[in-house]
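A look at the structure
Residue-level listing of the chains:
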Amino acid sequence: MSRLDSFIRRLSAQRDVLNHISGEVREKDGAILEIGLGNGRTFDHLRELFPEHRIIAFDRAVGAHGSSLPPLENLVIGEIRETAQPFIGSEAVLFHADIGTGYDDKDAKTLTWLPQLAAGAIARGGLAASGLPLEHPDLEALPLPETVDEGRYFLYRRR
Ligand SMILES: C[S@@+](CC[C@H](N)C(=O)[O-])C[C@H]1O[C@@H](n2cnc3c(N)ncnc32)[C@H](O)[C@@H]1O
């Protein structure tokens, strides 16, 4: 599969997973943590899906399109491994992480801290959606929508 096809499938999977859980997330309180703001396209989708929720976005630098910038109080700049620590225990309703790189060695480093961060930041019953697998005893894997192939995106509930 070409990288273009793979990219398109990953983004479709991301959108389908977020749409799939939107009804449940809307009914619950708690912030949404957007891990990896990037260009802000996903942030914009989250904002459209969840207009009533606070969405806090993280990145090492501001690279988002001007139309998709969170307000300053909801933007956390720096290395996520460090900047997200204060959000452990924040009882977030949704943790969404799109920080995979496609390089196995880099992603392996990220996976030394990302699952623990997700499990710590989400409230019991809250959800995590991620492009990288989040293996943690407190995170139960959930079925994906039928449009998403196994392993293309990952969805969990905090036990
Ligand atoms: C694939 S992009 C996210 C794309 C985003 N979903 C969008 O709609 O544009 C990943 C982003 O995460 C950021 N990132 C990845 N790992 C990070 C880390 N450890 N700390 C801070 N930012 C990180 C990168 O700078 C990049 O902007």
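Residues numbered from 1 in each chain as written. Predicted model: local features only at pLDDT ≥ 70, side-chain atom pairs only at ≥ 80, totals over all residues. Heavy atoms only, no water.

Helix and strand counts for the protein stand at five helices and seven strands. Taken from the N to the C terminus, the helices and strands of the protein come in the order α-β-α-β-β-α-β-α-α-β-β-β. For the protein, whose C-alpha radius of gyration is 14 Å, the value lies close to the compact-globule estimate of 15 Å for 159 residues. Expressed along its principal axes, the backbone C-alpha trace of the protein runs to roughly 40 × 35 × 30 Å. Within the span of the protein, comprising 159 residues, buried residues form 47% of the whole. Within the protein, counting contacts between residues at least 6 apart in sequence, those at least 24 apart form 59% of the total. Working note: accessible area of the protein is about 8700 Å², and carbon and sulfur atoms make up 49% of it. Treating the 18 positive side-chain charges of the protein as one cloud and the 24 negative ones as another, the clouds have centres 2 Å apart. (Helix = DSSP H or I, 4+ residues; strand = E, 2+ residues; numbered from the N terminus. Rg over C-alpha atoms; globule rule 2.2 N^0.38 Å. Buried < 20%, exposed > 50% of the residue type's maximum accessible area, 1.4 Å probe, protein only. Contact = heavy atoms within 4.5 Å. Areas by Shrake-Rupley, 256 points an atom, 1.4 Å probe, with all protein chains shown as cover. Lys, Arg positive; Asp, Glu negative; His and termini not counted. Charge placed at Lys NZ, Arg CZ, Asp CG, Glu CD.)

Applying the stated rule across the entire model yields seven salt bridges. Put simply, Arg10 and Asp98 hold a salt bridge, and the shortest N to O gap is 2.7 Å. With Arg10 in helix H1 (residues 3-26) and Asp98 in the loop between strand S4 (92-97) and helix H4 (104-110), this pair connects stretches of sequence that are 88 residues apart. Looking at Asp98, the relative accessible area reads 22%, which means it is partly exposed. The partner of Asp44 in a salt bridge is Arg47, with the nearest N and O atoms 2.7 Å apart. Placement of both Asp44 and Arg47 in helix H2 (residues 41-49) is noted, with a separation of three residues, approximately one turn of the helix. For Asp44, a relative accessible area of 30% puts it in the partly exposed group. One connected set of salt bridges, linked through shared partners, spans Glu24, Lys28 and Arg157. (Salt bridge = Lys/Arg side-chain N within 4 Å of Asp/Glu carboxyl O.)

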